[in-house]
Amino acid sequence: MRVLHIYSGNLYGGVETLLLTLARYYHLCPAMEPHFALCFEGRLSEELAAVGARIHLLGNVRVRWPLSVWRSRRVLKDALRQQKIDIVICHSAWPQAIFGPVVRSARLPLVFWLHDAADGHHWLQLWARRTRPDLALCCSRYTQSTLREMYPKVSSQLIRCPISPSSWSACETELQATRAEFNTSMQATVILQTSRMEAWKGHGLLLQALALLRDLPNWIAWIVGGAQRPRELSYLNSLKKAAVTLGIANRVMFLGQRSDVPRILAAADIHCQPNTGPEPFGITFVEALYAGIPVVTTAMGGAQEIVDDSCGILVRPDDPEALAAALRHLVQEGGLRKRLGAAGPNRARQLCDPATQIAKLAQLVSLLPERRSG
């Protein structure tokens, strides 16, 4: 069974992490052979190629350039036939809108994977609604509750993103080297945020909370994530200015885009991403749990399905005082950090074990009817 995953490929975040995991762990379900169709080359295509994935480049697509859409659709049409694809999964509204009609015309089963909350009003969602999938997959109960805004009559299934524990060896020497790289002592408590540079990821709220901890000694914050678009660069610069204004610039380090996040997680003590908007799922939370560090985030969206009081702390949204209180408690109580961190790996496996989730995906898509024309 050949399954083609279609995505844009020009950025890097949670969806890209999922696709790379599907490629890397193909051996867990060899009956489901993954192929990947991307419009843009970049970090995702490079990392997929590095693990030997089958990649089909469709060509750069700009919606404002209709000819580019037409050309990429033609490339996809040929790839579906030449590669004898059995099932197609469009990840998010953009590929569903652009390439869903091609899959339909090829008479192949079409799956839509909803990775963000749907509101039914965005022009991409309205465009995607014109092509109804045979099945919708949702990464959380939260996103599943919004699917009706796009496809009120389409059957859906909940499937957690398969996420594997890092293979990084967190020995004392490596931890010391990582901390030394960022001029951080082994005695300091490191508060880490790893996410895209999006305002709703709560960087600003974290800085406000950290400013309330100025009296507390021996903590430092690492913020991992680089600007991938012009507006993200502007946002990043505003955060750096805010750290100066709040008087904590000497205790907050902006580490930029990193490809060694597991190494950085292993050297941190607390993961904090206090979203100001609901997270559709929260792969970064699961990665932190696997790393054995407690997670602090806001009680909204998919985060509430990942973090509980066994492995982290949920705080009220948009409340810097409550966030600061939770962080203060964890900074001061090393025993609490250790207890919550120790429960993290098991919690992560319960939710996102790759063998379990990939097997579930294979079972779901195998039940779709064969629609290929003779």
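To start, this report covers the structure provided alongside it. The structure presented is a predicted model; accordingly, all values stated were derived computationally and were not measured. Each chain carries its own residue numbering, running from 1 in the written order of its sequence. Totals for whole chains, interfaces and linings use every residue, but because this is a predicted model, local features are given only for residues with pLDDT of at least 70 and side-chain atom pairs only at 80 or more, for both listing and counting. Just so you know, side-chain values use all the structure's heavy atoms and leave hydrogens and water out.

## A closer look at the sheet that holds strand β10 (residues 252–256)
Between any two strands, pairing holds if DSSP finds at least two bridges. Strands here are runs of E lasting at least two residues and helices are runs of H or I lasting at least four, both read from the DSSP assignment and numbered beginning at the N terminus. The parallel open sheet is built from six strands, whose spatial order is β10-β9-β8-β11-β12-β13. The open sheet has two edge strands, β10 and β13 (312–315), and neither has a second partner. Taking each pair of neighbouring strands and ignoring which way they run, the sheet shows an average axis angle of 20 degrees. Any two residues having at least one pair of non-hydrogen atoms within 4.5 Å are treated as being in contact. In this analysis, axes come from line fits to C-alpha atoms, helices being fitted only over the stretch in contact, and the angle between any two N-to-C directions falls in the range 0 to 180 degrees. The sheet contacts of helix α11 (residues 283–290) involve β8 (189–194), β11 (270–273) and β12 (295–298), and relative to β11 the element is tilted by about 175 degrees.

## What about the sheet that holds strand β6 (residues 135–138)?
Pairing between sheet strands relies on hydrogen bonds along the backbone, with the strands arranged either parallel or antiparallel. The parallel open sheet is built from seven strands, whose spatial order is β3-β2-β1-β4-β5-β6-β7. Across the chains shown, the open sheet's two edge strands, defined by having one partner strand only, are β3 (54–57) and β7 (156–158). Taking each pair of neighbouring strands and ignoring which way they run, the sheet shows an average axis angle of 25 degrees. Two strands pair when backbone bridges link them, and strand β4 (residues 87–91) and strand β5 (residues 110–114) are joined in this way by four bridges, in the parallel orientation. When the sheet's bridge partners are listed, V88 is paired in β5 with L110. Against the sheet, helix α1 (residues 14–24) makes contact with β1 (2–7), β2 (33–38), β4 and β5, and its axis sits at roughly 160 degrees relative to β1, the strand it touches most. Here helix α2 (residues 43–50) sits on the sheet and contacts β1, β2 and β3; the angle it forms with β2, its principal contact strand, is near 155 degrees.

## Section: empty space enclosed by the protein
The pocket and cavity definitions rest on a 1 Å grid over protein atoms only: a 1.4 Å probe that fits but cannot leave marks a cavity, an open set with protein on both sides within 12 Å along at least five of seven lines marks a pocket, and residues lining either have an atom within 4 Å of a point. Grid points are joined across faces, edges and corners, and a volume is the space filled by probe spheres set on the points. Under the definition given, this model contains one cavity of 30 Å³ or more. The computed volume of the largest cavity comes to approximately 50 Å³. Put simply, Ala, Val, Leu, Ile, Met, Phe, Trp, Tyr, Cys and Pro go in the nonpolar bin, Asp, Glu, Lys and Arg in the charged bin, and everything else, Gly too, in the polar bin. Tallied by class, the residues present in the lining of the largest cavity amount to seven nonpolar, one polar and no charged.

## A closer look at unusual backbone geometry
With a phi close to 70 degrees, N218 is a non-glycine residue in the positive phi region. One can find N218 in the loop between α8 (203–211) and β9 (219–224).

## As for the side chain of T284
Inspection of the secondary structure assignment puts T284 in helix α11. Residue class for T284 comes out buried when judged on its relative accessible area of 13%. In this structure the side chain of T284 is engaged in a polar contact, spanning 3.2 Å, whose partner is the side chain of H271. Beyond its immediate chain neighbours, meaning those up to four positions away, T284 contacts T194, H271 and Q273. Only protein chains enter the accessibility calculation, which uses a 1.4 Å probe; a residue whose area is less than 20% of its type maximum is buried, one above 50% is exposed, and one in between is partly exposed. Under this definition, polar contacts are N or O atom pairs within 3.5 Å; protein pairs additionally need one hydrogen-donor-capable and one acceptor-capable atom, and for neighbouring residues in sequence, both atoms have to be side-chain atoms.

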